[in-house]
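Structural characterization, general
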Amino acid sequence: MLINFICNGERKQLDVEPDMRALDVLRDVLGLTGTKEGCGRGECGACTIIFNGKAVNSCLLYAPKLDGSEVSTIEGIKGPDGGLDPIQKAFLDEGAVQCGFCTPGMIMSTKALLDKNHKPSEEEIEEALSGNICRCTGYNKIVKAVKKAAENE
Amino acid sequence: MEYLKPLKLKELFTMLKSSGKYGSESAGRGKYIRYIAGGTDLAVQIRDSGIKPSTLIDLSAIDELKGLSLKDGTIRIGSAVTIAEIAESKEIPACLKVGALSIGSPQIRNLATIGGNICNASPCGDTLTPLLVLKAEFELASDSGNRLVRAEDFFTGPKKTVLKENEVLKAVHIDKNNCTGVSFFKKIGKRNAQIISQVNVSVYMELNKDKKIVKIRAAAGSVAPVPLRLKGLEEALKGAEVKDFGLEDIYGFVNSDIKPISDVRASSDYRRRVTASLIYDILEEAANVN
C-alpha cells in the first residue's frame, strides 16, 4: 500500500507491506539505520522516534500508521548551524555514551521532552527516559547530559 | 495482510459487512480480522504468536471515537483517546490518572488508547479498576445502534468481554457525581517503570470531616479472572473511620472477595497479602488528606 509522510522534513511516498513496522520502513527502505532495534516489543526504547511530536516505539508502529504523519529520527537531529544539536553536544561532553546502542533512542526521548518542557526537573527527566534502557552506564551521566542540554538550548 | 483505516463508524460497519467476521481465529481457513488502535499490545501479541490477522482494522482515526470532554456533568472519553492524554487531563479523577500514568513508558502511553486497555480485557489492565470504582459506563456501538454497559458488567473473563461480533467500544462515560470524593490507585510490580501489575487496586471514598467513610468503592486487578469490586471490604469499611482497621483486618475483609492465581508474575499468597497492603496504604494516605 502507498503511504505519504514527512520524514526529517522531507516528503516521502513509499509502497510498503502493511505488516511492516515503521522501524523496518526507516531502516530497510529509507536506509536510516540510526534508529535501532533492541527488544522489538516496546520495552527498551532503542527504536524511539518522534511521531507527530511525540516519542513512540517504532517497533510497535505498523507502517500504515505513518501515512499522513510527520516523523523525526536521529538523522534529523541537528543544531541551527547544521552541526550537532545541543542535546548531542551535551551527551558527548558528559560522557553519556558508552557502547552507543541506546543513544539514538535516548536523544529522541530527550528531544521530545525538551520540545515541550524547557526546564525539566530531575524527576521529569527520569520519567521521560523511563522507557529507554541502557545496559552500560548507570544513567547518572545521561541525566546530567539532559540537564546540561536544557541549560544550553 | 490487509490494513483498513475507516474515518467514520458508518464506514467501519460497511467494511465489517464486506470483510467477514471479527476475531474468528481460523487463520488459514478463513478471514481473521482484528481491530488495532495504538497497537502496543497487539503488535507484541502478533509478534509472539506468529499468527498474522488477514485484516487489521485501525480504529484510531474514527471521528466518533476521538476526544475527551466534560458535558452536562459527564466526562466522555472517546475510546481512541490515548493513555498519555488521560494522564495529562485536568478533567480526570486521581485514580484513573495515576493508573494511566503507571502504564508502560512515555513511548507506550503516547500510542496506547483507553479503548485498547479496556477491550484487551487483561485482568491486570491498569485503567480497569479505576473505571470500576468511578462507576464508568461503556458506550458500545454497532450497526443496529448503541448500548450502555456498566464497567463492572463488561468483563467476563481474561481477554473476554460482552462485546458482540461487529460491535465496538465507542466511548467511556463517567458521571461527575461519582467523582466528588477522593480516589486512589496503587500497584505493585517488579520495578517502577514499564511494568505489568502483579496486583493493582483502586479506592474511591467520600469522607466526612471526622474522616469517617460515608461512601466507598474499591476494586482490585490481577486477583481474579476479571477486575473485581471488593464488596466485602466496602461493606466492612462503610461508616468506619479510615484508621479504624489494621492490616490483618483488611486482609480478612478482602480475602473472600479475591481469587488470585499463581503465575509467572506472582504467587497467589503474595497477591492476597499485597492486595491488603495496598488497601492499607491507601487508607493511611486518605487519613492524611486534608
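Residues numbered from 1 in each chain as written. Chains lettered and ligands numbered in written order. Predicted model: local features only at pLDDT ≥ 70, side-chain atom pairs only at ≥ 80, totals over all residues. Heavy atoms only, no water.

**Structural notes on the overall build of chain A**
If you tally the helices and strands in chain A, you get 5 helices and 5 strands. The order of helices and strands in chain A, counted from the N terminus, is β-β-α-β-β-β-α-α-α-α. In terms of C-alpha radius of gyration, chain A reaches 15 Å, essentially the compact-globule figure of 15 Å for 153 residues. The buried share of chain A, reckoned over its 153 residues, is 52%. Contacts spanning at least 24 positions in sequence make up 55% of the contacts within chain A whose residues lie at least 6 apart. Carbon and sulfur atoms make up 46% of the accessible area of chain A, which totals about 7,100 Å². On chain A, the mean spot of the 18 positive side-chain charges and the mean spot of the 23 negative ones are 3 Å from each other. (Helix = DSSP H or I, 4+ residues; strand = E, 2+ residues; numbered from the N terminus. Rg over C-alpha atoms; globule rule 2.2 N^0.38 Å. Buried < 20%, exposed > 50% of the residue type's maximum accessible area, 1.4 Å probe, protein only. Contact = heavy atoms within 4.5 Å. Areas by Shrake-Rupley, 256 points an atom, 1.4 Å probe, with all protein chains shown as cover. Lys, Arg positive; Asp, Glu negative; His and termini not counted. Charge placed at Lys NZ, Arg CZ, Asp CG, Glu CD.)

**Points about the interface of chain B and chain A**
Taken together, the 27 residues of chain B in the interface contact 31 residues of chain A. Of the roughly 2,200 Å² buried where chain B meets chain A, counting both sides, 53% is carbon and sulfur surface. Area buried by chain B at its contact with chain A is led by Tyr3, Gln107 and Leu111 of chain B, which between them contribute 28% of it. Put simply, chain B and chain A have 6 salt bridges between them. In this structure, the salt-bridge partner of arginine 109 of chain B is glutamate 127 of chain A, at a minimum N-O distance of 2.5 Å. At the surface where chain B touches chain A, the tally comes to 11 residue pairs in polar contact (both at pLDDT 80 or more). Elements with a contribution of two residues or more to the side of chain B that touches chain A: α2 (42-49), β3 (55-58) and α5 (106-111) of chain B. (Buried area = accessible area lost by both parts, 1.4 Å probe. Salt bridge = Lys/Arg side-chain N within 4 Å of Asp/Glu carboxyl O. Polar contact = N/O pair within 3.5 Å; in protein donor to acceptor, adjacent residues only side chain to side chain.)

**Some words on the environment of glycine 232 of chain B**
Residue and element names in this part refer to chain B. Relative to the helices and strands, glycine 232 resides in helix α9 (residues 231-237). Classification of glycine 232 as partly exposed rests on a relative accessible area of 25%. Other than its neighbours up to four places away in sequence, glycine 232 contacts Phe253 and Asp257.

**Focus on the sheet that holds strand β2 (residues 33-36) of chain B**
Across a sheet, strands are paired by hydrogen bonds formed along the backbone, either parallel or antiparallel in direction. Residue and element names in this part refer to chain B. Read from one edge of the open sheet, 3 strands run β1-β3-β2, paired in parallel fashion. The open sheet is flanked by β1 (2-4) and β2, the only strands paired with a single partner. Strand after strand, the sheet turns through a mean of 25 degrees between neighbouring axes, direction not considered. By the bridge criterion, 4 bridges tie β2 to β3 in an arrangement that is parallel. Residue pairing in the sheet places isoleucine 36 in a bridge with aspartate 58 of β3. Across the sheet, helix α1 (residues 9-19) is in contact with β1, β2 and β3; its angle to β2 comes to roughly 160 degrees. (Pairing = 2+ DSSP bridges. Axes fitted to C-alpha atoms, helices over the stretch in contact; angles between N-to-C directions.)

**Some details on the domain arrangement of chain A**
Residue and element names in this part refer to chain A. Here the domain parsing of chain A yields domain 1 (2-76) and domain 2 (86-151). For domain 1 and domain 2, the distance between their C-alpha centres works out to 21 Å. Facing the 14 residues of domain 1 at the interface are 12 residues of domain 2. Roughly 1,000 Å² of surface becomes buried between domain 1 and domain 2 when both sides are summed, with 69% attributable to carbon and sulfur atoms. The tally of links from domain 1 across to domain 2 stands at 0 salt bridges. Tallied by class, the residues present in the side of domain 1 that touches domain 2 amount to 5 nonpolar, 6 polar and 3 charged. (Domains from an automatic or database assignment. Nonpolar A, V, L, I, M, F, W, Y, C, P; charged D, E, K, R; others polar.)

**Focus on the sheet that holds strand β11 (residues 182-188) of chain B**
Residues and elements named next belong to chain B. Here we have 4 strands laid out as an open sheet, ordered β11-β12-β13-β14, and antiparallel in their pairing. Taken across any chain shown, the strands that pair with only one partner, and hence form the sheet edges, are β11 and β14 (228-229). Sheet topology places strand β12 (residues 199-207) next to strand β13 (residues 213-221); 8 bridges connect them, and they run antiparallel. Paired with tyrosine 204 across the two strands is arginine 217, which belongs to β13.

**Some words on the nonpolar core**
If you look at the biggest cluster of nonpolar residues, it comprises 75 residues, and the most contacted ones within it are Ile77, Ile118, Leu131, Phe138, Phe155, Ile174 and Met205 of chain B. Considering every element that reaches this core, the biggest residue donor is helix α11 (residues 268-287) of chain B, with 8 residues. Leucine 131 of chain B has contacts with Leu96, Ile114, Ile118, Ala136, Phe138, Ala151, Val172 and Ile174 of chain B, leaving out every residue within four places of it along the chain. Counting 25 residues, the second-largest nonpolar core is a separate cluster that includes Ile87, Ala112, Ile125 and Ile142 of chain A. (Core = buried A, V, L, I, M, F, W, Y, C linked by side-chain atoms within 4.5 Å.)

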